[in-house]
Amino acid sequence: MKQIIQQLKNSRSVLIASHINPDGDALGSLLALGLAMEALDIKATLYNESDIPAVYRFLPEIDRIQNQISRVHAYETAIILDCSNLDRIGRATDIVTQIPMVINIDHHTTNTRFGERHLIDNKACATVELVFRLLKEMAIPISTAMATSIYTGIVTDTGSFRFSNTNASAFAICNEMVQLGVKPIHIAQHLYGSYSLGRIKLLNQALESIEISNNGSLSLMTLTQKMLKETGTQPGDAEGLIHYARRIEDVKMAALIQEQANGRKYNAGEKNYHVSLRSDGSIDVAAIASTFGGGGHPSAAGFSIESTIKKIKETIKAIPELN
Ligand code: 5GP
Ligand code: MN
């Protein structure tokens, strides 16, 4: 941490980025650290390749996040947040590899330890916990805007204090954020109480798609571009749907197979899919996702694959842990 602080203090211009299809932790850590850099008079470019999901647009200063960066800009330092491997940031990966100092701040068990400096702790409930520790170490005062981002990162990554990563720090930090002015009701309202009607209709279609197999231990949910189109929703509206598949009794692992939009043509009906995996704790889905080139946490992980829905389902049903 000391080396990271020294590096930041010596930088005039930093690039901060987090993973594609961002969740509350990816956006919360990006904003909290970005605002902190500003407090130190360090110029920070905040980058995320994907559209910001509607539920996170309430976050203060969210418009500071840009989805493009110029190749020519000379960044002295890059800070990569909530990414287990560098290419999780997407298209900007090759720009970042040219930046002389890459700082990797993350809490995934599958982190590949890319970059020159690491602040990696898989005991941290969220990447915002690590950002919080960094801000404390640097004695940067936490503004209400920063506190909102930190609180949101913890609430979303712990599934509102329900998942196995919920630790004492999750409560301690959130307590402090509330003392600093965060209103839990206000954030909960944005995150969970302002769904579009289309999102509820998408939920309906996703529930209809659930298939149970492997003696009840596996639950498969499917989401296609057609379903998004019919309900007028965006990929970010799919966040949280997989929990419905996971919470069915006796289910050990749930998989959400989500068709990606990218106009590319593939062989024999193949398309690009993102597969999200969740487990009840008895199966390490990070290890399973790693075998498909992805990663994540023991009970929440994912990977991308070019295939057909039918083949993906067969592959998942054949996973040894479920047989
Ligand atoms: P989700 O299924 O919600 O996309 O992601 C669950 C967890 O797995 C998150 O912590 C996410 O960062 C990680 N994850 C999802 N997809 C990938 C992937 O393709 N590669 C890696 N390394 N991690 C992923
Ligand atoms: Mn996270």
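Residues numbered from 1 in each chain as written. Chains lettered and ligands numbered in written order. Predicted model: local features only at pLDDT ≥ 70, side-chain atom pairs only at ≥ 80, totals over all residues. Heavy atoms only, no water.

Visitor: In this structure, what is going on with the sheet that holds strand β3 (residues 65-66)? I would like to understand it.
Guide: Each strand in a sheet pairs with its neighbour through backbone hydrogen bonds, running either in the same direction (parallel) or in the opposite one (antiparallel). Spatial strand order, β3-β2-β1-β4-β5-β6: six strands in an open sheet with parallel pairing. The sheet is open, and its two borders are formed by β3 and β6 (117-120), each paired with just one other strand. As paired strands, strand β4 (residues 77-81) and strand β5 (residues 101-106) are joined by five bridges and run parallel to one another. Note that in β5 the partner of Ala78 across the bridge is Val102. Contacts between helix α4 (residues 127-137) and the sheet are confined to β4, β5 and β6, with β5 contributing the most and set at about 120° to the helix. (Pairing = 2+ DSSP bridges. Helix = DSSP H or I, 4+ residues; strand = E, 2+ residues; numbered from the N terminus. Contact = heavy atoms within 4.5 Å. Axes fitted to C-alpha atoms, helices over the stretch in contact; angles between N-to-C directions.)

Visitor: Where do I start with unusual backbone geometry in this structure?
Guide: In most cases, non-glycine residues show a negative phi, while peptide bonds are predominantly trans. Non-glycine residue Ala139 carries a positive phi angle of around 55°. Unusually for a residue other than glycine, Asn215 sits at a positive phi of about 55°. With respect to the secondary-structure elements, Asn215 resides in the loop between β7 (211-213) and β8 (218-223).

Visitor: It is not clear to me how the sheet that holds strand β9 (residues 253-259) should be interpreted in this structure. Could you clarify?
Guide: The sheet built from six strands is open, its strands ordered β7-β8-β9-β10-β12-β11 with mixed pairing. For this open sheet the edge positions go to β7 and β11 (295-297), each flanked by a neighbour on one side alone. Put simply, the sheet's adjacent strands are angled 20° from each other on average, direction ignored. Inspection of the sheet shows β9 paired to strand β10 (residues 271-279) by seven bridges, in the antiparallel sense. Across the sheet, residue Ala254 finds its bridge partner in β10, namely Arg278. Where helix α12 (residues 309-317) meets the sheet, its contacts fall on β7, β8, β9, β10 and β12 (300-307), and the angle it forms with β8 comes to roughly 160°.

Visitor: Mind showing me how you'd approach the pattern of salt bridges here?
Guide: It is possible for side chains of opposite charge to pair when their charged atoms get near one another. Per the stated rule, a full pass over the model turns up 14 salt bridges. Between Lys317 and Glu211 there is a salt bridge, with the nearest N and O atoms lying 3.5 Å from each other. Here Lys317 is found in helix α12, whereas its partner Glu211 is found in strand β7, with 106 residues between them in sequence. For Lys317, a relative accessible area of 30% puts it in the partly exposed group. Overall, Glu211 belongs to the partly exposed group, its relative accessible area being 28%. As a salt-bridge pair, Lys226 and Glu230 come within 3.3 Å of each other at their nearest N and O atoms. Of this pair, Lys226 and Glu230 both sit in helix α9 (residues 225-231), four residues apart, which is roughly one turn of that helix. Judged by its relative accessible area of 58%, Lys226 falls in the exposed class. In this structure, a network of salt bridges that share partners links the residues Asp121, Glu129 and Arg133. (Salt bridge = Lys/Arg side-chain N within 4 Å of Asp/Glu carboxyl O. Buried < 20%, exposed > 50% of the residue type's maximum accessible area, 1.4 Å probe, protein only.)

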